[in-house]
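Here's the letter readout for the chains.
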Amino acid sequence: MTKLTLPLIRNVFCKIKSLALREFENKNYEASLKHIETAAEIAYNFNWIYTDEELENLLINISNSIILEKKPFIPIEGKVVFYDVFALDNRGLTQQYLRALISWGVELLFIFEGHDLTHSKQIISEIQSYPKGELFIIDKSLSRLEKIKSVYNKIIDFKPEKAFLHLQPSSSVAVTVWNHFDEVTRYQINLTDHAFWLGVKCIDYCLEFRDYGCTVSSEKRKLPKDKLLIQPYYPILDCQPFIGLPSQIPTDSIKIFTGGSYYKMYGKSDMFFTLLKLLFDLNPKVVLLLAGHGDDAPIKKFVYDNDFQNRLFILGSRPDITHVFESCDIYLCTYPISGGLMGQYAARLAKPILSYSSDDLRCNFLEGFINFNSTSNFKITHTSLNSFKVEALKLIENRSYRAVLGSQNKKNIISEKEFSEHLKKVVTSNKMEIPFKHEVINYVAFSNLYIENENNYLKQFDFFIVSRFKFNVIFLFPKIVLSFIFNLSNWHLFFKRILK
């Protein structure tokens, strides 16, 4: 497989943008939107840019070409649209915002654009049980153009005053729709604040949850500071029955829990595995429980090479994640990419948190996720191995210290009631209630990390391009085809994806 470099990624990205523009000029808007989505996903996966002027303008032009005759309307006060492409129970920010809107008593139109409602049972139940709520599910069998027209007409009929957009980075349909609604106050819920996303020009305000996202939106997305609104959030706890822990774990062990997508633990000279060794060396009673999903081969190799079979237990994906947290003593953040949601789970469940990050990856600093009621000297993330080791030893050996820090973390998370009250103030005044503190961000180091992970662990880029362009990839990206073919160990995936 050819080693990925930023120039190569940029070249592919620009080529796909040119394809999108060519299809637009040929009035093939469906194909143009598809190419825009592909380009956006590449930008999201490698984070060397955070918005793209050409893609944004192209989406506006597509909007104007599809909806030739705009239907003006007067927004009705108290009517709100929540446009969601996730709708995942206990994940993302759907339930946090949905519950806040319901608590205000607004007339709510919940528009869902997605492929699967299997994991949305709680959300659907909450909407259907709300007397002023209406659920509009976009027919997934429709083309992109048909979806756009369907949603546009629904919004026109509803006449909302405000709209909250909970979008994927490549949500071309949603952005095309909302480009037309200047009369509605549109709020982007910036879930992926560290990365590229489409839609900078279809919103009026951006709801950020931390200073890091505000900095990125100001510096890289060029959003005016008076359009940035900070809204911290809290995690939604699951209510699944406890599956239990491996029976081999001694009852007197000190259980450290970590988890997330496995790729977040790879890279930066395998520093995460260095941290694990350090923790095991501190006390023979330490065991580590690791939950997550993805390619776990590097983790299994680490366990085998170091004979850690009785100290590190891979749990896989756990629907009962709340109970796993409750059964453990300490939570360890992943590195070189931390998991903000997992850190929030730990805080809300009153668990002490161990966090390490190099100073050039400030996106990892967990303080930005647990900061609503914190003091100015609140600190979780360590940037030196020595201070991390000192803190780890203190947490391992002192149960009372663990309890104190856990209690402090829980207090620092915004509550559901506080979330609702704070959000209402923010969107009523459209002014920031929490001061924005500029952060110094090493954008190059962050982008390089994703390229390193792709080259050394994920190795998905070739598959992604081949699966998107099928046999046309031979003419469009011959170098990628050659790279793909020479990766002989993955032939079975080739046929599986190419024929899908």
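The structure contained in this document is the topic of the report that follows. Treat the numbers as computed from the prediction; the structure is a model and nothing was measured.

Digging into the pairing of strand β1 (residues 79-84)
Within a regular strand, the side chains alternate between the two sheet faces.
Now for step 1: Buried residues dominate β1, accounting for six of its six residues.
Now for step 2: Along β1, one buried face is formed by K79, V81 and Y83 and the opposite face, lined by V80, F82 and D84, is buried too.
Now for step 3: Judged from the six bridges that link them, β1 and strand β2 (residues 107-112) form a sheet pairing that is parallel. Considered in β2, the bridge of V81 is made with L109.
Now for step 4: Of the crossover connections in this fold, the one passing from β1 over helix α4 (residues 94-104) to the parallel β2 is right-handed.
Now for step 5: Pairing of β1 with strand β4 (residues 162-166), which is carried by five bridges, proceeds in the parallel orientation. Across the sheet, the residue bridging to V81 is A163, located in β4.

Considerations on the packing of helix α9 (residues 271-282) against helix α13 (residues 385-397)
Now for step 1: Interaxial distance between α9 and α13 falls to 10 Å at its minimum, and their mutual angle equals 40°. By the angle class used here, α9 and α13 are oblique. The two elements α9 and α13 meet at a crossing, and its hand is right-handed. Two secondary-structure elements touch here, α9 through M271, L275, L278, L279 and L282 and α13 through L385, F388, K389, A392, L393 and I396.
Now for step 2: Among the residues making up the contact of α9 with α13, the classes are represented as 10 nonpolar, no polar and one charged.

So, the side chain of E208
Now for step 1: Along the chain, E208 turns up in strand β6 (residues 205-208).
Now for step 2: Although buried, E208 forms no salt bridge, and the nearest oppositely charged side chain, R221, lies 4.8 Å from it.
Now for step 3: With residues up to four places along the chain from it excluded, the contact list for E208 reads N190, D193, G213, C214, S217, L228, L229, I230 and Q231.

Examining the pairing of β4
Now for step 1: Burial analysis of β4 places five of its five residues in the buried class, the great majority of the element.
Now for step 2: Residues K162, F164 and H166 of β4 are buried on one face, and the alternating residues A163 and L165, pointing to the opposite face, are buried as well.
Now for step 3: The sheet contact formed by β4 and strand β5 (residues 185-189) spans four bridges and is parallel. From the neighbouring strand, F164 faces β5, where its bridge partner is Y187.
Now for step 4: The β-α-β motif built from β4, the intervening helix α7 (residues 172-178) and the parallel element β5 has right-handed crossover chirality.

What counts and what doesn't
- Residues numbered from 1 in each chain as written.
- Predicted model: local features only at pLDDT ≥ 70, side-chain atom pairs only at ≥ 80, totals over all residues.
- Heavy atoms only, no water.
- Buried < 20%, exposed > 50% of the residue type's maximum accessible area, 1.4 Å probe, protein only.
- Helix = DSSP H or I, 4+ residues; strand = E, 2+ residues; numbered from the N terminus.
- Pairing = 2+ DSSP bridges.
- Right-handed = clockwise from strand over helix to strand, strands pointing away.
- Axes fitted to C-alpha atoms, helices over the stretch in contact; angles between N-to-C directions.
- Parallel < 35°, antiparallel > 145°, perpendicular 65-115°, else oblique.
- Left-handed = near helix turned anticlockwise from the far one by under 90°.
- Contact = heavy atoms within 4.5 Å.
- Nonpolar A, V, L, I, M, F, W, Y, C, P; charged D, E, K, R; others polar.
- Lys, Arg positive; Asp, Glu negative; His and termini not counted.
- Salt bridge = Lys/Arg side-chain N within 4 Å of Asp/Glu carboxyl O.

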